[in-house]
Amino acid sequence: MAYCFVTRQLPGTALERLAAVHEVDIWPERLPPDPATLRKLSVGAAGLLTMVSDPVDASLIAASSGLEAIANYGVGYDNVDVEAATERGIRVGNTPDVLTDATADLTFALLLAAARKLPQAIATVRAGDWITWEPMAHLGAEVQGATLGIVGLGRIGQAVARRAQGFDMNVLHTGSRSGSRISLESLLQRSDFVSLHCPLTPETFHLINERTLALMRPTAILINTARGPIVDQPALRTALENGTIAGAALDVTDPEPLPANDPLLSGPNLIVAPHIGSGTRAARERMADLAVENLLAALAGRRMPHQVNEV
Ligand code: 8YV
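The written sequence of each chain sets the order in which its residues are numbered from 1. Where totals are concerned, whole chains, interfaces and linings use all residues; where local detail is concerned, this predicted model gives features only for residues with pLDDT of at least 70, and gives and counts side-chain atom pairs only at 80 or more. Working from all heavy atoms in the structure, the side-chain values ignore hydrogens and water.

1. A look at the site of the ligand
Step number 1: As a matter of local geometry, the ligand sits amid Met-51, Val-52, Tyr-73, Gly-74, Val-75, Gly-76, Leu-99, Arg-227, His-275, Ser-278, Arg-284 and Met-287.
Step number 2: The definition of a polar contact used here is a pair of N or O atoms within 3.5 Å, where within protein one atom must be able to donate a hydrogen and the other to accept one, and adjacent residues in sequence count solely through side-chain atom pairs. Backbone polar atom of Val-75 to an oxygen atom of the ligand: 2.7 Å apart, as the coordinates give it.
Step number 3: Within the contact set of the ligand, an oxygen atom lies 2.6 Å away from a side-chain nitrogen or oxygen of Ser-278.
Step number 4: Calculation of accessible area relied on Shrake-Rupley with a 1.4 Å probe; when residues are assessed, cover is drawn exclusively from the protein chains displayed. Expressed as a share of its isolated accessible area of 330 Å², the protein-covered part of the ligand is 91%.
Step number 5: Three categories are distinguished: nonpolar for Ala, Val, Leu, Ile, Met, Phe, Trp, Tyr, Cys and Pro, charged for Asp, Glu, Lys and Arg, and polar for the others, with Gly belonging to the last. Across the shell around the ligand, the residue classes break down as six nonpolar, four polar and two charged. Nearness here has a simple test: a residue counts as near a molecule or strand if at least one of its heavy atoms is within 4 Å of that partner.

Set out below in structure tokens:
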């Protein structure tokens, strides 16, 4: 029996299965443990179950001498210093596949909402401004026949491309899978909608910046359901203000949570959701299943079913 620390209560029954085999502490609060508390609670742990809101950095890893496994709840694991974990022989796992469709659906929800100015239109109803039917009011962009540029054609990017086919969109991408790959510059110049699906790495940090935003069409809409720091937010704010692009719909920001007084939020034609891409009950329960399967395997000395490093 090993000691595991889980940084949040999770939906479903997976944590019960973990607790049947190991000693498990689950952080009970709505807010995550602050970095100092997380570090303190990790010291005696053999297994950690963490998420996007938990920085598992080199100092935490160095301080946790008994740590054998880090199971991150999410497909992205940029919150974990994988190199530091690997150096110490700690297995790191993620939860791919089970959240692909939920995230692709939210991408399309954001795309459609931004194209049809849905939040602004709904707000006029609540504000009592729906006083007549108007031929010129709330005119949005047509999605059918438009070009969607997908930056990063991994699992989620491909699921978004499949949805786009159903809307008769033309799909461009920067992925490496087929001969149809094009450069980011060309994709930005040719797309009516640009959707980000690449992981956050040193190479993709601020990939969307003043220079690359300037390549986009003034009618284009940017969608980000990947990671906030892929977009240079002050540059995006300026681009929205100046009409360099027509709109943006973000499920991820930098930082998260985005303070209510962040300058970005006063930008025009902007939708911000609170990182709910994987947020269907089924997806979040399956993510918990995978994270627990990863921990159980690693604590039994086996490779995790979804292990991201070689140890
Ligand atoms: C997760 C995500 O819900 O899987 C990911 O990488 O961004 C989200 O969908 C989040 O990371 C929770 O840890």
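2. Structural notes on the environment of Asp-289
Step number 1: Helix and strand assignments follow DSSP, with helices taken as H or I runs no shorter than four residues and strands as E runs no shorter than two, numbered in order from the N terminus. Within the fold, Asp-289 resides in helix α11 (residues 281-299).
Step number 2: Three labels apply to residues, based on accessible area from a 1.4 Å probe with only protein chains included: buried if under 20% of the type maximum, exposed if over 50%, partly exposed otherwise in between. Residue classification places Asp-289 among the partly exposed residues on the basis of a relative accessible area of 25%.
Step number 3: Sequence separation of Asp-289 and Tyr-73 is 216 residues, and the distance between their C-alpha atoms is 9.6 Å.
Step number 4: The contact rule is simple, with two residues in contact once any of their heavy atoms fall within 4.5 Å. With residues near it in sequence (within four places) discarded, Asp-289 still touches Ala-14 and Arg-17.

3. What about the sheet that holds strand β7 (residues 170-173)?
Step number 1: The pairing criterion is simple: DSSP has to find at least two bridges between the two strands. With parallel pairing, the six strands of this open sheet are ordered in space as β7-β6-β8-β9-β10-β11. A strand with exactly one partner marks an edge of an open sheet, and here the two such strands are β7 and β11 (270-272). The mean angle between the axes of side-by-side strands here comes to 15°, regardless of whether they run parallel or antiparallel.
Step number 2: The sheet contact formed by strand β6 (residues 147-151) and strand β8 (residues 193-196) spans four bridges and is parallel. Bridge pairing in β8 places Leu-148 opposite Phe-193.
Step number 3: For helices, the axis comes from a line fit to the C-alpha atoms of the stretch in contact; other axes are also lines fit to C-alpha atoms, and the angle between any two N-to-C directions lies between 0 and 180 degrees. Against the sheet, helix α5 (residues 100-115) contacts β6, β8, β9 (221-224), β10 (247-250) and β11, and its axis sits at roughly 155° relative to β9.

By themselves, these are just geometric observations and shouldn't be taken as functional.
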